[in-house]
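Residue strings, one per chain:
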Amino acid sequence: MINIAFLSTPGVKESLVGPLQQELPGVTLTTWPEPEARDADIAVCWKPPAGALASMPKLKLIHSIAAGVDNILCDPTVPDRPVCRIVDPDLTTGMTEFVLWGTLYFHRDFDRYIPNAREGIWRRYDQRAPFETRVGILGLGALGSAAATRLVDLGFAVSAWSRSPKSLAGVTMFSGEDALDRFLGQADILVSLLPLTPSTMGILNADRLRRLPRGAAVILCSRGEHLVTDDLVGLLRQGHLRGAILDVFEREPLAPDHSLWREPGVLVTPHMATIATPRVIAQQIAENIKRIESGAPLLNQVDRIRGY
């Protein structure tokens, strides 16, 4: 009988118990640090406690409940077991919607109209054609590619940066460290969709953000650790940056008294850009459990060297 242990934040197990039991009748479900969890075959994770996975000698598979695995691989003691992540087509749709909304929020000046409306200010701003707004996608994986394609369809001037060379119809491509500053220098709206790896931690710091054109805006929907928050706030207050939509943070949930909630020009959303459904999460975890039992190739297995 398969023993699954949850090593996650509150609420994760509760949302997945029913769907997993439906997919895997008779499965045993435990929660770290219950004694039974140490004998688990499968670890279902989101921000597992440091050292916990290393103390589970019978593990066959470590499975994230989301697309990201940085919250697992940041622990240097994670044992040498397969790590898999969730890839949900609806995640791509949700992220694309969020990026389109964020782009239009700045392109159509809603960041100005909404505060004006609260103050009773009737003022129109010049309306620009989409091709006059340059949108830069930082990170061109599945999510970034889908968002870039839809922005191209809407007529925006779209560029993208990736670590290695890629090609996407209608998108001006930049790749490699040497091209990053040039990419930033021509992005009126920067959308961060990078994976979190040691090389991308703090990548959006003062030096990099200052490369953006004056009046540029930032949409962060990747990982909070990509952004040096104080540097962003400093450039907003200096007037170099116009505004920011922040969906992810180093510590979540963002504390009610955190200054970002009230920082002029910043719009905070509660890590909701895109969310996989419990049904899809359970189906993919169950499928990988069946595959590891039969020796078949796993779905969405992570390259631990690359971090995704």
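Residues numbered from 1 in each chain as written. Predicted model: local features only at pLDDT ≥ 70, side-chain atom pairs only at ≥ 80, totals over all residues. Heavy atoms only, no water.

1. Describing the sheet that holds strand 9 (residues 189-192)
To summarise the sheet geometry, strands pair through backbone hydrogen bonds and adopt either a parallel or an antiparallel arrangement.
1) Next: Here we have 7 strands laid out as an open sheet, ordered 8-7-6-9-10-11-12, and parallel in their pairing. Both edges of this open sheet fall to strand 8 (172-175) and strand 12 (266-268), since each of them pairs with a single strand only. Each neighbouring strand pair of the sheet contributes to a mean axis angle of 15°, computed without reference to strand direction.
2) Next: Across 5 bridges, strand 10 (residues 216-220) lies against strand 11 (residues 241-246) in parallel orientation. Its bridge partner being in strand 11, I219 is matched across the sheet by I245.
3) Next: Set on the sheet, helix 6 (residues 177-184) makes contact with strand 6 (134-138), strand 7 (157-162), strand 8 and strand 9; between it and strand 7 the angle comes to about 155°. (Pairing = 2+ DSSP bridges. Helix = DSSP H or I, 4+ residues; strand = E, 2+ residues; numbered from the N terminus. Axes fitted to C-alpha atoms, helices over the stretch in contact; angles between N-to-C directions. Contact = heavy atoms within 4.5 Å.)

2. So, the layout of surface pockets
1) Next: There is about 450 Å³ of room inside the second largest pocket.
2) Next: Residues of the lining of the second largest pocket, tallied by class, amount to 9 nonpolar, 6 polar and 7 charged. (1 Å grid on protein atoms, 1.4 Å probe; cavity = no way out; pocket = protein on both sides within 12 Å on 5 of 7 lines; lining within 4 Å. Points joined across faces, edges and corners; volume = space filled by probe spheres on them. Nonpolar A, V, L, I, M, F, W, Y, C, P; charged D, E, K, R; others polar.)

3. Re the nonpolar core
1) Next: Grouped together as the largest cluster of nonpolar side chains are 31 residues, with contacts concentrated most on L209, L212, L232, L241 and L246.
2) Next: Elements that contribute at least two residues to this core include exactly helix 6, strand 10, helix 8 (229-238), strand 11 and strand 12.
3) Next: Excluding its chain neighbours within four sequence positions, the residues that come into contact with L209 are L204, V218, L227, D231, L232, L235, H240 and L241. (Core = buried A, V, L, I, M, F, W, Y, C linked by side-chain atoms within 4.5 Å. Buried < 20%, exposed > 50% of the residue type's maximum accessible area, 1.4 Å probe, protein only.)

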